[in-house]
Structures are given as structure tokens and as C-alpha cells.
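So the chains spell out like this:
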Amino acid sequence: MSMLAEAGSVEVLEVSPDSTELGRLCRSGRFDVLIAHLGDDLTAGTLEGTALKGVSLYSAGVNNVDLDTASRSGVLVANTPDVLTDATADTAILLMLAASRRCVEADRYLRDGYFRGWSPDLMLGRNIAGATLGLAGFGRIARATARRALGFGMHVQYCPRPPTDDPSSGPEHGDLEGRVTEVSWRELVTTSDVLSLHVPLAPATRHMINTSIFEAMPTGAVLVNTARGALVDEAALVEALRAGSIAAAGLDVYENEPALTPGLVELPNTVLLPHIGSATHTVRGEMARLCAANAIEMARGELPATAVNPDAWKRSPLAMEIAAADPRLLRRGSSRA
Ligand code: DGY
């Protein structure tokens, strides 16, 4: 807030407006930049005809924004990637361990007064060391999760662009080259003891985890989701967990959050977190600073380094000025020049 207040005038909306009101505000001409988070609905209707220069998202995910409409309207959209990678990967591991070792169930058992002392078969869970972790997606958070899982003695395999079998490019492997195995989507689903989701939510990935995937997963498998809830058909998940087609699920995100599909909370084999993957003091501070810096750059007509639709900037007055002076400068990242 101090960065923003120093750079210009800021209006804080105490109550999140609905999409109609948000659209009205975006078109009002009163604002250069909108700072929004993943609960704000920035679909086509909201962004059409807007007078904004940019939308600065306080999130890495951009699925709540209609990027085509934003680009068509010359509205830059910037997000906060990288700074939350480690914290989110930690959360994926946390959910994997908690679901595999029945942590929440065991905690509740003790608090409810059932603990009568050690016993050989009390709350038996699943091994992590020696198990196979399947990563759906192989971006920054998936790779950070892979590094952690290797430290736990897991075999790590991944499918880079599920549900397609499009292969990864060499540079994507980085320091993990030779330590992780690329497999097809089908193989990932059928051979992973833990399946962890790390893909953006888009029409092609919505409900990519559905009844037929649960049927194909090993019966002892654990599903982990720290990405976006709607990747999973949550009603099908409840059925799969009830029927025992998979063993457990560790979730930080939900299809219609904050609403939960009926039945989910009653299941003992779920670990359910309230979308706190990046929720550390440090990370939320870094996200706030990056979000503010992006907003300030866009308000000044500059192109932030984490813009997700940099082409939208090419029609801005500053870009035109730069292009007129020397078109070679009109490259991504040259805005500060
Ligand atoms: C994001 O940034 O997309 C996370 O879901 C929240 O930190």
C-alpha cells in the first residue's frame, strides 16, 4: 500500500464488487490499473470496453481473467509468479504426507479421546520412500515439488502438458535432467502412487481428473491438488474416495471454492486446506510488493516483466513512442530503457 500511495492515488474497495459493478468501475475512466485477486471475476463482460491500462493480479494463476478480451482491449495483465513457488511446493508435499500418513484423521482421533496407547496397527498409512510421485505438469512448482520428493526417496515421473502427451523441451528439465522420467498422461495416471496436479486451469484442463481417470489410477493412489479446484470433477472425486477407487486426497483448492461438494468434508480420507498454498508471511509480502510494482509500471505505461499478455502493450503510447524512435527496443523487458 505504501508503494502504491507514493506512486499515485489509490482507492480501496472495502467490499469486493460483483462482476457487473466491477465492469462499471473498469469502464468508468477513473482508474488506470485494477488490482485484483483470484476471487475477482474478470471475464469478457467485465473487461469489454474497459478504460484500464492494466490489471495487476495478486496471484500466479490467471484463470479468472479473460486474456483474449484483455489483449483485444489493450489491457495488460500481470501476475505474481516465482515468489510463491517454494511455498506452494511445500504445500504439495505437506498434503502428500498428511494424506498418505492419515495425519488429520489421526489428529482428530487423539483429540476426540480415542488414543489408548501405542498399538501395532494403529492408523497405518502409506510409504512415501520408494513410492512413485506423478507430476501432472512440469512448470516451476512441479519442479520444486520434484526436488523435495527426490529428497524423500521417491521416484518422480511427470507428464508436461496433460491431458495431452505433448513432450517437454530439453531446457525444461534443468537440474532435474536424468533424475525424473517423462511419461505419457496415461502412464502417469496408471502408475503413480501419488498424483499431484500442477497445470493451469483452462478449457482443456477443466475436469481433466474425472471418473475415468479415478478408475485408471491404482487403488492405493493419493491425489494432491494445489493448482486449481476445477481441474478435478469434485463430485467424481467424492464418489472415488467413497468407493475406495483411490485411497486419499489432499486438497488446497476446490472446484467452486469456497463452497465444497457435498460429502467431501465427511470423508476421513481427505486432507482439506483453505487455499493456503502460498500463505506465509514472507511470500504474501513478496506477492504484495510484486503486485504493487506491476501496478505502478502499468499505470506509467510501462511493461512489467511478469506481464502475461505483453502483446497488449505494443499499442500503448509509450510502446509507439519507443517503436518510432528505434523498433529494436520494442522487445519484452525493454520498457525500462
Ligand atoms: C495463486 O497465486 O495462483 C495461488 O493460488 C494463490 O497464491
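Residues numbered from 1 in each chain as written. Predicted model: local features only at pLDDT ≥ 70, side-chain atom pairs only at ≥ 80, totals over all residues. Heavy atoms only, no water.

I'd like a rundown of the overall build of the chain, residues and numbers included.
Counting its regular elements, the chain contains 12 helices and 10 strands. Counting only C-alpha atoms, the chain reaches 75 × 45 × 35 Å along its principal axes. Residue pairs at least 24 apart in sequence account for 60% of intrachain contacts in the chain once pairs closer than 6 positions are excluded. Roughly 16,600 Å² of accessible area belongs to the chain as shown, and the carbon and sulfur atoms make up 54% of that amount. (Helix = DSSP H or I, 4+ residues; strand = E, 2+ residues; numbered from the N terminus. Contact = heavy atoms within 4.5 Å. Areas by Shrake-Rupley, 256 points an atom, 1.4 Å probe, with all protein chains shown as cover.)

Now, about the sheet that holds strand 5 (residues 155-159): what can you tell me, with residues and values included?
Here we have 7 strands laid out as an open sheet, ordered 6-5-4-7-8-9-10, and parallel in their pairing. A single partner strand is all that each edge strand has here, and the edge strands are strand 6 (181-182) and strand 10 (270-272). Sheet topology note: the strand 4 (residues 132-136)/strand 5 ladder contains 5 bridges and is parallel. Opposite Gly 134, over in strand 5, you have Gln 157 as the bridge partner. Packing against the sheet, helix 5 (residues 85-100) makes contact with strand 4, strand 7 (194-197), strand 8 (222-225), strand 9 (248-251) and strand 10, and its axis sits at approximately 150° to strand 8. Running over the sheet, helix 7 (residues 140-151) touches strand 4 and strand 5 and is turned about 175° from strand 4. (Pairing = 2+ DSSP bridges. Axes fitted to C-alpha atoms, helices over the stretch in contact; angles between N-to-C directions.)

Describe the pattern of salt bridges, listing the residues and the values that go with them.
Applying the stated criterion across every chain yields a total of 11 salt bridges. One salt bridge in this structure joins Arg 24 and Glu 21, with 2.9 Å as the shortest N-O distance. Of this pair, Arg 24 and Glu 21 both sit in helix 2 (residues 19-27), 3 residues apart, roughly one helical turn. Residue Arg 24 is classed as partly exposed on the basis of its relative accessible area, which comes to 46%. (Salt bridge = Lys/Arg side-chain N within 4 Å of Asp/Glu carboxyl O. Buried < 20%, exposed > 50% of the residue type's maximum accessible area, 1.4 Å probe, protein only.)

These results come straight from atomic positions and should not be treated as a statement about function.
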